Amino acid sequence: MTSVARMTTLLPNELIARLERLRVQALRRTTSRGRGDHLTGRGGASVDFVDFRDYAPGDDLRFVDWNVFSRLGRPYLKLYKLEEERHLAIVVDVSRSMRFEGKLAKARELAAAFAVMGLHGDDRVGVWAVDGTTKDPQRLRPARGRQFLRRAFAALEGVTEAEGTVPIERALEELLNRGRGRGVVVVLSDFLTAGDLTRSLNLVAAAGWEPLLVQILGASELDPELSGDARLVDSETGEELDVSAAGDLLALYHEHRLAHQRRLAAWCARRQGRFVDAPASEDTGAIVARLRRAGWLA
């Protein structure tokens, strides 16, 4: 019995086959000019009518179906296909804090999963890993079509080191400086930064990107075991801090960690984005199933 060669070291073939049937679901219409495979309420040449949806303030009145309105007394917008394309930018945090406990490995696997769904869903997919050393942080320039899947896998397989000097907030600003288009940006990071993350996220949302934030933490970050005296080392800066009775600090640590997650989730809720925690130890297929149950994927 012959075995089938794996398409990539990042994901098993069985999971790839399931991912090919899933699509990333956006909460709002974030598309760019160009032909794609997403529904739009704007008309154009050579488009096909496919469905109706409820009218929302700001929609183009030219595409309200007035016959339906006269019969039902409620405005409905006509939807068309093949008018605009959606960009899917996948940002992998490669700063030094991602070195620990499989965080970078999990980020690469999830990035590969989103790339499969995007390229099979007719999104224009790009992969970013900003480390501060390479001139071009785009590991995969925006590409559309399943024929680019192996190229996306190769790009992510090449992201092997988390030695970057660029914190995640600066990586997002690099995306805005160099990237083009509008759509969904998937950010795979531990979000452990001392910088102004809120400012960068606000810039991302203002530029027309819908953010999907995936926080990846290691086992000792979720449930550290400390007692007695300890020396703590900042993985990003190398700064050291000696503490006594470290066990007494655990409750304070958990309070701050959970508060940080709540702030990220609340920011996403205000900006029509989404936030989820994805432990590095959790199976990638299980994370995908959880995102599907939450409505991220369909």
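Above this text is the structure in question.
Note that the structure is a prediction, hence the values are computed from the model and not measured. (Residues numbered from 1 in each chain as written. Predicted model: local features only at pLDDT ≥ 70, side-chain atom pairs only at ≥ 80, totals over all residues. Heavy atoms only, no water.)

Enquirer: Looking at this model, I keep getting lost on the side chain of R108. Mind explaining?
Expert: For R108, the position within the fold is in helix α3 (residues 103–120). Although R108 lies buried, it forms no salt bridge, and the closest oppositely charged side chain, E157, sits 6.5 Å away as judged by the N-O distance. Within the local environment of R108, its side chain forms a polar contact with the backbone oxygen of V159, the two atoms lying 2.8 Å apart. Excluding residues within four positions of it along the chain, R108 makes contact with L10, L156, E157, V159 and T160. (Helix = DSSP H or I, 4+ residues; strand = E, 2+ residues; numbered from the N terminus. Buried < 20%, exposed > 50% of the residue type's maximum accessible area, 1.4 Å probe, protein only. Lys, Arg positive; Asp, Glu negative; His and termini not counted. Salt bridge = Lys/Arg side-chain N within 4 Å of Asp/Glu carboxyl O. Polar contact = N/O pair within 3.5 Å; in protein donor to acceptor, adjacent residues only side chain to side chain. Contact = heavy atoms within 4.5 Å.)

Enquirer: Could you clarify how one ought to interpret a nonpolar patch on the surface in this entry?
Expert: A surface patch of nonpolar side chains, amounting to about 310 Å² of accessible area, comprises L61, W66 and F69. You can see L61 is positioned in the loop between β2 (48–54) and α2 (66–72). (Patch = residues over 30% accessible without salt bridge, like charges linked within 9 Å, V, L, I, M, F, W, Y side chains within 5 Å. Areas by Shrake-Rupley, 256 points an atom, 1.4 Å probe, with all protein chains shown as cover.)

Enquirer: Can you walk me through empty space enclosed by the protein in this structure?
Expert: Unfilled space is identified by rolling a water-sized probe across the atoms. Tallied over the entire structure, the rule returns one cavity of 30 Å³ or more. For the largest cavity, the calculated volume is near 70 Å³. The set of elements that each furnish at least two residues to the lining of the largest cavity consists of β4 (87–92), β5 (124–128) and β6 (138–144). Residue composition of the lining of the largest cavity, grouped by class: seven nonpolar, four polar and two charged. (1 Å grid on protein atoms, 1.4 Å probe; cavity = no way out; pocket = protein on both sides within 12 Å on 5 of 7 lines; lining within 4 Å. Points joined across faces, edges and corners; volume = space filled by probe spheres on them. Nonpolar A, V, L, I, M, F, W, Y, C, P; charged D, E, K, R; others polar.)

Enquirer: Just checking my understanding: could you explain the nonpolar core for this structure?
Expert: Across soluble globular proteins, nonpolar side chains have a tendency to be buried as a group. Among the nonpolar cores identified, the biggest contains 48 residues, and L19, I90, L188, V214 and L297 are the most heavily contacted of them. Every element with two or more residues in this core is listed here: α1 (13–19), β4, α3, β5, α4 (149–157), β7 (183–189), β8 (209–215) and α9 (284–293). With 11 residues, the single largest contributor to this core is α3. The contacts of V214, once residues within four sequence positions are left out, are L110, V186, V187, L188, S189, F191, V276, A278 and W296. In this structure, W128, V166, A171 and L264 belong to the second largest nonpolar core, which totals 22 residues. (Core = buried A, V, L, I, M, F, W, Y, C linked by side-chain atoms within 4.5 Å.)

Enquirer: Looking at this model, I keep getting lost on the pattern of salt bridges. Mind explaining?
Expert: Side chains bearing opposite charge may pair, as long as their charged atoms lie close to each other. Inspection of every chain in the model, using the stated rule, returns 12 salt bridges. Its salt-bridge partner being E221, residue K103 comes within 2.8 Å of it at the nearest N-O pair. Here E221 lies in helix α7 (residues 219–222) and K103 lies in helix α3, a separation of 118 residues in the sequence. Each member of the pair, K103 as well as E221, carries the same accessibility label: buried. Of the charged contacts, one joins E174 and R178 as a salt bridge, the two residues approaching to 2.3 Å between their closest N and O atoms. Linking E174 with R178, this pair stays in helix α5 (residues 168–178), spanning four residues, or about one helical turn. By relative accessible area, R178 is classed as partly exposed at 39%. When salt bridges with common partners are traced through the structure, they connect R96, R99 and E163 into a single cluster.

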